[in-house]
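What follows is each chain in one-letter form.
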Amino acid sequence: MNLDNRENYQREMRLLNRLSLDKLKSFVGELHKTRFEDNDIEVDAYYRLASHVLNQRKEKRTSLIFHLKNLVVGMILISYLYSI
């Protein structure tokens, strides 16, 4: 599969996003088997794309900024309580 073209890459990403999460997991599993057990390097780019889409859909949507804000608030409270 040729993913060198931007339009092809985006089209394939949209198609992978339409799959249900279970089907996408099984598809990535099949691509992993083909890539690493059968040593077929032709599917490497498509495997990386499908893995990227799967990781995007599985991870939680909390950002690092949210966690840093909590850290700053916590440090301020600790320093305040320590000074009392």
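Residues numbered from 1 in each chain as written. Predicted model: local features only at pLDDT ≥ 70, side-chain atom pairs only at ≥ 80, totals over all residues. Heavy atoms only, no water.

Glancing now at the side chain of Asn8. Tracing the backbone through its elements, the reader meets Asn8 in helix H1 (residues 6-18). Its relative accessible area of 18% is what places Asn8 among the buried residues. Filtering out sequence-adjacent residues up to four positions away, Asn8 remains in contact with Asn2 and Leu3. (Helix = DSSP H or I, 4+ residues; strand = E, 2+ residues; numbered from the N terminus. Buried < 20%, exposed > 50% of the residue type's maximum accessible area, 1.4 Å probe, protein only. Contact = heavy atoms within 4.5 Å.)

Remark: helix H2 (residues 21-37) packs on helix H3 (residues 44-58), axes separated minimally by 9 Å, with the N-to-C direction vectors making an angle of 150 degrees. Judged by the sense of rotation from one axis to the other, the crossing of H2 with H3 is left-handed. Of H3, the residues touching H2 (which contributes Leu21, Leu24, Lys25, Phe27, Val28, Leu31, His32, Arg35 and Phe36) are Asp44, Tyr46, Tyr47, Ala50, Ser51, Val53, Leu54, Arg57 and Lys58. (Axes fitted to C-alpha atoms, helices over the stretch in contact; angles between N-to-C directions. Left-handed = near helix turned anticlockwise from the far one by under 90°.)

Moving on to the packing of aromatic side chains. As enumerated under the stated definition, the model contains 2 aromatic pairs in all. Ring plane angle 85 degrees and centroid distance 5.8 Å describe the contact between Phe27 and Tyr46, whose orientation is recorded as edge-to-face. Linking Phe27 in helix H2 with Tyr46 in helix H3, this pair joins segments that are 19 residues apart in sequence. For Phe27, a relative accessible area of 25% gives the class partly exposed. We classify Tyr46 as buried; its relative accessible area is 13%. Considering the side-chain rings of Phe36 and Tyr47, the 5.6 Å spacing of their centres and the 80 degrees angle between planes classify their relative orientation as edge-to-face. In this pair, Phe36 is assigned in helix H2 and Tyr47 in helix H3, connecting sequence segments 11 residues apart. Tyr47 gets classed as buried once you look at its relative accessible area, which sits at 16%. Above the ring of Phe36, the side-chain terminus of Arg35 is found at 5.0 Å from the ring centroid. (Phe/Tyr/Trp six-rings, centres within 6.5 Å; stacked < 30°, edge-to-face > 60°. Lys NZ or Arg CZ within 6 Å of the ring centre and 35° of its normal.)

Over its 13 residues, H1 runs 19 Å from end to end, which matches the ideal 18 Å to within 8%, given 1.5 Å per residue. All buried positions along H1 are accounted for by Asn8, Glu12, Met13 and Leu16. Buried residues along H1 cover an arc of 130 degrees about the axis, so they all sit on one side. Projecting away from the buried face of H1 at angles above 90 degrees are the exposed residues Arg6, Glu7 and Arg18. Taken together, the buried residues of H1 touch H2 and H3. One side-chain oxygen at the N-terminal end of H1 lies 3.3 Å from the backbone nitrogen of Glu7; it belongs to Asn5. (Expected span 1.5 Å × (residues − 1). Arc of directions from axis to C-beta. Polar contact = N/O pair within 3.5 Å; in protein donor to acceptor, adjacent residues only side chain to side chain.)

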